[in-house]
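Coordinate inspection notes
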Amino acid sequence: KAQGSITVTAIIDGVTVDTTVTDPDGSFTLSFLLDGAQNVTLLFDIDGTIVSISITVQEGSVIDIVLVIDLNAPEGEEVEIVELEGPIRCENGTVEITKNPDEGLVIDGGGEDCIRTAGNCNLIIDPENIILTNCENCVDARGTSDVTLETFDGDIFCDAFGDGIKTVGDATVFLDVNGDIDVSAGENGAKADGNSVISFAADVCIFDSGEDTFDTNGNATINTEGCGEIIEGPSPSPIPTLEPSPFPSPEPSP
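Model, not experiment: these values are computed from the prediction.

What counts as what
Residues numbered from 1 in each chain as written. Predicted model: local features only at pLDDT ≥ 70, side-chain atom pairs only at ≥ 80, totals over all residues. Heavy atoms only, no water. Helix = DSSP H or I, 4+ residues; strand = E, 2+ residues; numbered from the N terminus. Buried < 20%, exposed > 50% of the residue type's maximum accessible area, 1.4 Å probe, protein only. Contact = heavy atoms within 4.5 Å. Areas by Shrake-Rupley, 256 points an atom, 1.4 Å probe, with all protein chains shown as cover. Disulfide = S-S within 2.5 Å. Salt bridge = Lys/Arg side-chain N within 4 Å of Asp/Glu carboxyl O. Core = buried A, V, L, I, M, F, W, Y, C linked by side-chain atoms within 4.5 Å. Pairing = 2+ DSSP bridges. Phe/Tyr/Trp six-rings, centres within 6.5 Å; stacked < 30°, edge-to-face > 60°. Patch = residues over 30% accessible without salt bridge, like charges linked within 9 Å, V, L, I, M, F, W, Y side chains within 5 Å. Lys, Arg positive; Asp, Glu negative; His and termini not counted. Charge placed at Lys NZ, Arg CZ, Asp CG, Glu CD.

Examining the overall build of the chain
When helices and strands are counted, the chain shows 0 helices and 23 strands. Considering the chain as a whole, with its 254 residues, one finds that 48% of them fall into the buried category. When contacts within the chain are restricted to residue pairs at least 6 apart in sequence, long-range pairs at least 24 apart make up 65% of them. Accessible surface, the chain: about 11500 Å² in total, of which carbon and sulfur atoms supply 45%.

See below:
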């Protein structure tokens, strides 16, 4: 989804593989053939202004995201997509989302899971800072899916009214940063069921949870050996304040 009537084009190796125009509600769908894992550039043409995002996907992958495009950058400066408003969902294949240097990524769940994976999805997100906000669960991984959130020059912030990180089945979630991991959850900081695994690696791992910091069931594992320090309780550094979007927020994709 994107706001308004926008021409959306998918490009692989400089070749246009599909193009469409968004519906009145901003919805769009692109479909194309892939040869293994390839980098796909999505171009959004808003009345002559071009913005883009690059996503590496594997053959058979399906990704469902909601994009918020901010055109308020000063004239002459490059405009980038820095916020995904609505949950990311992945059920099959490999999807990698990366950002330009010095840019963070905000995922606003709109009250749903900010990231939800199932099946055999492999999801990798690698920007500067990662902010998961307004989430039911920041990450909900199921089946045999594998989620990696990593940043080498920033922090990960998670704000959920349910569980911070949640796994079930044989799913795995790995949060890997050189800075801090800051989880604020209304229920458990991290909850793993079945044979699933949750791993944290950071200078400082902060968990402010309404129930248990960690909850494991069955053969599940929560690994915090990569945390230089673990703090249980309110974070000394609250989640950064988000600037309001100049556009109305679209409804999350079904």
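Things to note about the state of the cysteines
Within the structure shown, the criterion is met by 4 disulfides. Bridging C114 to C135, the disulfide has an S-S length of 1.9 Å. Because the sign of the S-S torsion sets the handedness, a value of about -85° for the bond joining C114 and C135 places this disulfide among the left-handed ones. Within this pair, whereas C114 is found in the loop between β10 (105-108) and β11 (115-117), its partner C135 is found in strand β13 (residues 130-135), the two being separated by 21 residues in sequence. Accessibility assignment for this pair places C114 and C135 in one class, buried.

Concerning the pattern of salt bridges
Counted according to the given criterion, the structure contains 4 salt bridges. Residues E112 and R89 are paired through a salt bridge, measuring 2.4 Å at the closest nitrogen-oxygen approach. One end of the pair, E112, is in the loop between β10 and β11; the other, R89, is in strand β8 (residues 88-90), with 23 residues separating them in the sequence. A salt bridge links R142 to D140; the shortest N-O distance between them is 2.9 Å.

Let's talk about the nonpolar core
A general feature of soluble globular proteins is that nonpolar side chains tend to end up buried together. Ranked by size, the top nonpolar core spans 55 residues in total, and within it F44, I125, L132, L149, I165 and F200 carry the most contacts. Per-element accounting of this core gives the leading share, 5 residues, to strand β21 (residues 197-209). Discounting residues that sit within four places of it in the chain, L132 has contacts with I107, C114, I115, C138, V139, L149, F157, C158 and D159.

Some words on the pairing of strand β12 (residues 122-126)
Along a regular strand, successive side chains alternate from one face of the sheet to the other. In the sheet, strand β9 (residues 94-98) pairs with β12 via 5 bridges, with the strands oriented parallel. Along β12, the bridge assignment pairs T98 with D126.

A few points about the packing of aromatic side chains
Under the definition given, this model contains 3 aromatic pairs. Ring plane angle 75° and centroid distance 5.8 Å describe the contact between F28 and F44, whose orientation is recorded as edge-to-face. Taken as a pair, F28 in the loop between β2 (15-21) and β3 (38-46) and F44 in strand β3 lie far apart in primary sequence, 16 residues in all. On the basis of relative accessible area, F28 is assigned to the buried category, the value being 19%. With a centroid separation of 5.0 Å and 75° between ring planes, the pair formed by F207 and F214 is classed as edge-to-face. Relative accessible area serves as the criterion here: at 1%, F207 is assigned to the buried category.

Looking at a negative patch on the surface
On the surface, E136, E187, E211 and D212 cluster together to form a negatively charged patch. By the secondary structure assignment, E211 is in the loop between β21 and β22 (214-216).

Side note on the pairing of β2
With 6 bridges connecting them, strand β1 (residues 7-12) and β2 associate as antiparallel partners. Bridging across to β2, T9 finds its partner in T19.

In short, the description is geometric, and any link to function would need to be established separately.
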